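Each chain, letter by letter, is given below.
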Amino acid sequence: MFQKTLAGLGVLTMLTAGALLPPVAGADSEADGRVLMAAPAKNCAVVAQFDGIKDVTTKSYIRKITLSEGLVIRKSRIQDGKIIIPPSGLYYTTRTPKSGVLQGDKVLLLGKLYQFVDQSTKLDVITNLWVDKKKGVPFGDGTKRLQLSKLAMGANGFPVANATFKILKQSGNYYGVAFPVATSKLFTDITSGKLANGSGRKTGTYLPTDKGQDFETEYYASSVAVSGQTYLVAEKVTPKGAMVKEFATGALISMLLSPNDPVEGLLAKGGELKGGGFTAQVTEVGGNYATVKLTCDNSGKSYTKKLGPLTAEVLKYMPVDEERRARFVLRDPADRVQVQLNIYKAGGAFQNGKVQLAMFTDLVKLGNPSPWEADKRFIYRPDT
């Protein structure tokens, strides 16, 4: 399935497209010597260019993206004249910034470009969680931690407790956004919406003695911190740590990739696409939908689905809304072939009674976690 083997590389972690790690019973075990989530030393050597490691610029239907890969060694040591790399200490990393499905984006994997076909996601939630000062707690499957990176009990005229949380990933890197929160009765009205539509003040300069003004004792902060679909709600911040009322962040369940360029076509009723041992036939074309029949050429087994309707309201949530996105996708139950509306290709999905379809073949499914097909000593895990 994959042309390159990872044998001899020791421990590999493929990041943000995923992670390759040796299979162990516990996801976050220090007893077995693993260094999952440990960062490389701050003074580590960096090799900017390395034979076989690539930076590739690709173009999808809507943009250009630069994809980069690399190798990382962490927590190694010299012992008895040998270099010892601990379990999870050597990983392969590939970055997929802003890549999304349905858009024609690609993933760089071991030097080869793969089509990013589809993905499934989940939301990991933890509630009523105490986090000690300068410490963290694992969440989800245990391969990421919510860390309390900063704690202050007030400074510079801000006499309230505040804390900053970060998400530590398998790679030892932090999620790119921190989550600062504060708790105090001094700004309860502020966090409950007093500033949601502005304070009501007009442009100008105010003095503490002006009627109705109390700005010198107003403190603007929130017990809620957000970034995209990730949020953290603090209940209490103390000198020893903080109580998290609720924290939630998304994660991948699986990714579908294809080593082949898609088979594409602008098809009228009766038109067909062929590939991967399957035939996709258009049986109906409407103004904003099409019915497609997918048939396995060997077994004759077929699957029919109405793709759409494609509306402006649904497009607002594309491509991230997994439930709505499924309306545009037909895939066989064994995850071998996927047919989809080509909603982002130039000209749009529907043109003069015809429909633009894309057919992806020889699909590769990467679960979270899943053994690496070419060398089952390694495990894939996403680093999102």
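Reading guide: rules and limits
In every chain, residue numbers begin from 1 and rise along the written sequence. Per-residue local features are limited, in this predicted model, to residues with pLDDT of at least 70; the limit for side-chain atom pairs, both in listing and counting, is 80 or more; totals at the level of whole chains, interfaces and linings are taken over all residues. Calculation of side-chain values draws on the structure's entire complement of heavy atoms; hydrogens and water are dropped beforehand. A residue's pLDDT is simply how confident the predictor is in it, with values from 0 to 100. In this analysis, two residues are considered to be in contact whenever any of their non-hydrogen atoms come within 4.5 Å of each other. Salt bridges, as used here, are contacts in which a Lys or Arg side-chain nitrogen is within 4 Å of a carboxyl oxygen on Asp or Glu. The numbering of helices and of strands both runs from the N terminus, where a helix is a DSSP run of H or I of at least 4 residues and a strand a run of E of at least 2. Exposure classes here rest on a 1.4 Å probe applied to the protein chains alone. A residue is buried below 20% of its type maximum, exposed above 50%, and partly exposed in between. A pair of strands is treated as paired once DSSP finds two or more bridges between them. Only C-alpha atoms enter the line fits that serve as axes; for helices the fit covers just the stretch in contact. Angles between N-to-C directions range over 0 to 180 degrees. Between the rings of Phe, Tyr and Trp (Trp by its six-membered ring), a pair exists once the centres lie within 6.5 Å; its type follows the angle of the planes, with under 30 degrees stacked, over 60 edge-to-face, and the other angles tilted. We call a set of buried residues a nonpolar core when its members are Ala, Val, Leu, Ile, Met, Phe, Trp, Tyr or Cys and they connect through side-chain atoms within 4.5 Å of each other. Residue ranges assigned to the domains are those given by an automatic or database domain assignment. Surface patches are drawn from residues lacking salt bridges whose relative accessible area is over 30%; two like charges belong together within 9 Å, two nonpolar side chains (Val, Leu, Ile, Met, Phe, Trp, Tyr) within 5 Å. Per-residue and other accessible areas follow the Shrake-Rupley method at a 1.4 Å probe size, with only the shown protein chains counted as cover for residues.

K.L.:
Looking at this structure, I do not really get the confidence of the model for the chain. What am I missing?
P.N.:
Atom-level detail of predicted coordinates should not be read off regions where pLDDT is low. In the predicted model, the chain carries a mean pLDDT of 85, and the fraction of residues at 70 or more is 88%. Here residues 1-29 is modelled with pLDDT under 50, and outside its nearest four sequence neighbours on either side it reaches 124 contacts, counting other chains as well.

K.L.:
What am I meant to see in the pattern of salt bridges here?
P.N.:
Close approach of charged atoms allows side chains of opposite charge to pair. Enumeration over the complete set of coordinates arrives at 10 salt bridges. Two residues, aspartate 118 and arginine 331, come together in a salt bridge whose shortest N-O distance is 3.1 Å. With aspartate 118 in strand E7 (residues 112-132) and arginine 331 in strand E20 (residues 329-331), this residue pair connects regions lying 213 residues apart in the sequence. Aspartate 118 sits in the buried class, given a relative accessible area of 8%. The salt bridge involving arginine 336 is made with aspartate 332; its shortest N-O contact spans 2.8 Å. Owing to a relative accessible area of 38%, arginine 336 belongs among the partly exposed residues under this scheme. Residue aspartate 332 is classed as buried on the basis of its relative accessible area of 1%. Bridged by salt links that share partners, the residues Asp118, Arg325, Arg331, Asp335 and Lys365 form one connected network.

K.L.:
Explain the sheet that holds strand E5 (residues 90-95) here, please?
P.N.:
Within a beta sheet, neighbouring strands are joined by backbone hydrogen bonds and run either parallel or antiparallel to one another. Overall, antiparallel pairing links the 3 strands, which are arranged E1-E2-E5 in an open sheet. In the strand order of this sheet, the two ends are held by strand E1 (55-59) and E5, each with one partner. Going from strand to strand, the sheet's axes swing by 15° on average, the running direction of each strand aside. Relative to strand E2 (residues 64-73), E1 is paired through 5 bridges, and the arrangement is antiparallel. Paired with valine 56 across the strands is leucine 67, a residue of E2.

K.L.:
Any chance you could explain the packing of aromatic side chains here in plain terms?
P.N.:
Working definition: an aromatic ring pair is given by the centre-to-centre distance plus the angle between the planes. Across all of its chains, the model carries 2 aromatic pairs by this definition. Plain terms: the ring middles of phenylalanine 139 and phenylalanine 247 are 5.2 Å apart, the flat faces sit at 75° to each other, and that makes the pair edge-to-face. Placement of the pair is phenylalanine 139 in strand E8 (residues 136-139) and phenylalanine 247 in strand E14 (residues 241-258), with a sequence separation of 108 residues. The two residues phenylalanine 139 and phenylalanine 247 agree in class, both being buried.

K.L.:
How should the nonpolar core be read in this particular structure?
P.N.:
When a protein is soluble and globular, its nonpolar side chains tend to lie buried together. With 41 residues, the main nonpolar core has Leu257, Leu294, Phe328, Leu341, Ile343 and Leu357 as its most contacted residues. A total of 4 residues in this core trace back to one element, the largest contributor, which is strand E18 (residues 290-296). Each of domain 1 (2-115) and domain 3 (260-361) contributes no fewer than three residues to this core. Ignoring sequence-local partners within four residues, the contact set of phenylalanine 328 consists of Leu102, Leu307, Gly308, Pro309, Leu310, Val314, Met318, Val339, Gln340, Leu341 and Ile343. Formed by 21 residues, the second largest nonpolar core is a distinct cluster that contains Phe165, Ile167, Val181 and Phe247.

K.L.:
I'm lost on the side chain of glutamine 213 in this one. Help?
P.N.:
Looking at the secondary structure, you find glutamine 213 in the loop between helix H1 (188-194) and strand E12 (224-227). With residues up to four places along the chain from it excluded, the contact list for glutamine 213 reads Arg201, Tyr206, Leu207 and Pro208.

K.L.:
I'm lost on a nonpolar patch on the surface in this one. Help?
P.N.:
Taken together, the side chains of Ile73, Ile78, Ile83 and Ile85 present a nonpolar region at the surface, about 430 Å² in accessible area. Within the fold, isoleucine 85 resides in the loop between strand E4 (82-84) and E5.

K.L.:
Which parts of the structure should I look at to understand the pairing of strand E21 (residues 338-341)?
P.N.:
When a strand is regular, its side chains alternate between the sheet's two faces. Of the two faces of E21, the one holding Gln338 and Gln340 and the one holding Val339 and Leu341 are both buried throughout. Pairing analysis gives 3 bridges linking E20 to E21, with the strands arranged antiparallel. Its bridge partner lying in E21, leucine 330 is registered against valine 339. Between E20 and E21, which pair antiparallel and follow one another directly, the connecting turn spans 6 residues, one of which, aspartate 335, has a positive phi of 55°. The pairing of E21 with strand E23 (residues 354-360) spans 4 bridges and is antiparallel. Bridging across to E23, glutamine 340 finds its partner in alanine 358.

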